[in-house]
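So the chains spell out like this:
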Amino acid sequence: LNAFIVFNIETGIIIALMLTFFMLTLDGNFNIKNLTSNIQIHSDIVNKIDESNIGQKKEGDALITNIPNTPLLIFTADCVPIAIIDKKNKAIGLAHAGWRGTYDAIAKKTIEKMADNYNTNPKDLVCIIGPSIGPCCYEVSKDLVEKFNMNFTNSTEKFYTIEEDKYKLDLWKVNEHILRECGVKDENIINLNLCTSCNSDKFHSYRKHNKTQERIG
């Protein structure tokens, strides 16, 4: 069973959207005591969660596990959350992909680590791109666009638009491209197409809400 759970954390009034993975056990329990997250640093570090480190916080921006009843949590407020679900091997990955994580292909590195540890085959994966800033709103510098163009020179896709001399980067499309390049099937890449800036009444947006410290989780 895979589920999205919406909950409130009273301290800081954080509204969190958490994708959790329940292993297919007889009882399917959700153990909040096992909730595990990272100290996020906009890196490409992927941390494996096993019996020895459940609940421990390490620096990194992605998590993987195959431990039953061990929910994983990442925090975003415009950055791209990517859930990587391997039903066949009963494993999951979560990646926090801001522009740095996207540029460094953290989704690819998460899949590679799942393959190394859980025998994950990308063709079996279902990947979900959650609420994050969309190509409609993510205005960046020309330098950053050129940086991405240099990094993804083998792609025929265009990852940006120019409107009135303003450059807008499409992190969704870049991450979709990365997932496809890993071997994930098109039909198994699910983009919720929810822009946190356009929907700032529903989601926290770092840009729209003046560098807010509140997060979607």
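Look up a bit, the structure's there.
We now turn to the structure provided with this report. (Residues numbered from 1 in each chain as written. Predicted model: local features only at pLDDT ≥ 70, side-chain atom pairs only at ≥ 80, totals over all residues. Heavy atoms only, no water.)

1. A short note on the packing of helix α2 (residues 106–118) against helix α4 (residues 171–182)
Reasoning step 1: Contact geometry for α2 and α4: axes closest at 8 Å, N-to-C directions at 30°. Overall, the two elements α2 and α4 adopt an arrangement that is roughly parallel. With respect to the hand of their crossing, α2 and α4 are arranged in right-handed fashion. For the pair α2 and α4, contact is made by Ala107, Lys108 and Ile111 and by Asn175, Ile178, Leu179 and Cys182, respectively.
Reasoning step 2: Taken together, the residues of the contact of α2 with α4 sort by class into five nonpolar, one polar and one charged. (Axes fitted to C-alpha atoms, helices over the stretch in contact; angles between N-to-C directions. Helix = DSSP H or I, 4+ residues; strand = E, 2+ residues; numbered from the N terminus. Parallel < 35°, antiparallel > 145°, perpendicular 65-115°, else oblique. Left-handed = near helix turned anticlockwise from the far one by under 90°. Contact = heavy atoms within 4.5 Å. Nonpolar A, V, L, I, M, F, W, Y, C, P; charged D, E, K, R; others polar.)

2. What about helix α3 (residues 142–151)?
Reasoning step 1: When we look at burial in α3, the residues that qualify are Leu144, Val145 and Phe148. Burial along α3 is one-sided: seen end-on, the buried residues are contained in an arc of 100°. Exposed positions of α3 whose direction lies more than 90 degrees from the buried face are Asp143 and Met150.
Reasoning step 2: Buried residues belonging to α3 abut α1 (99–103), β10 (139–140), β11 (160–163), β12 (166–169) and α4. (Buried < 20%, exposed > 50% of the residue type's maximum accessible area, 1.4 Å probe, protein only. Arc of directions from axis to C-beta.)

3. Concerning the packing of aromatic side chains
Aromatic rings in a pair are described by how distant their centres are and how their planes are angled relative to each other.
Reasoning step 1: Summed over the entire model, instances satisfying the criterion amount to four aromatic pairs.
Reasoning step 2: Ring plane angle 75° and centroid distance 5.5 Å describe the contact between tyrosine 103 and phenylalanine 148, whose orientation is recorded as edge-to-face. Of this pair, tyrosine 103 sits in helix α1 while phenylalanine 148 sits in helix α3; the two residues are 45 residues apart in sequence, bridging distant segments of the chain.
Reasoning step 3: Geometrically, the ring pair formed by tyrosine 160 and tyrosine 167 is tilted, given 6.2 Å between the ring centres and 35° between the ring planes.
Reasoning step 4: Overall, the relative accessible area of 18% leaves tyrosine 167 in the buried class.
Reasoning step 5: Looking at lysine 147, its charged tip hangs above the ring of tyrosine 103, at a distance of 4.6 Å from the centre.
Reasoning step 6: The cationic tip of lysine 158 hangs over the ring face of tyrosine 160; the distance from NZ or CZ to the ring centre is 5.0 Å. (Phe/Tyr/Trp six-rings, centres within 6.5 Å; stacked < 30°, edge-to-face > 60°. Lys NZ or Arg CZ within 6 Å of the ring centre and 35° of its normal.)

4. Re a nonpolar patch on the surface
Reasoning step 1: On the surface, a nonpolar cluster with roughly 210 Å² of combined accessible area is contributed by Ile39, Ile41 and Ile45.
Reasoning step 2: Secondary-structure assignment places isoleucine 45 in the loop between β3 (36–37) and β4 (46–49).
Reasoning step 3: Owing to a relative accessible area of 34%, isoleucine 45 belongs among the partly exposed residues under this scheme. (Patch = residues over 30% accessible without salt bridge, like charges linked within 9 Å, V, L, I, M, F, W, Y side chains within 5 Å. Areas by Shrake-Rupley, 256 points an atom, 1.4 Å probe, with all protein chains shown as cover. Salt bridge = Lys/Arg side-chain N within 4 Å of Asp/Glu carboxyl O.)

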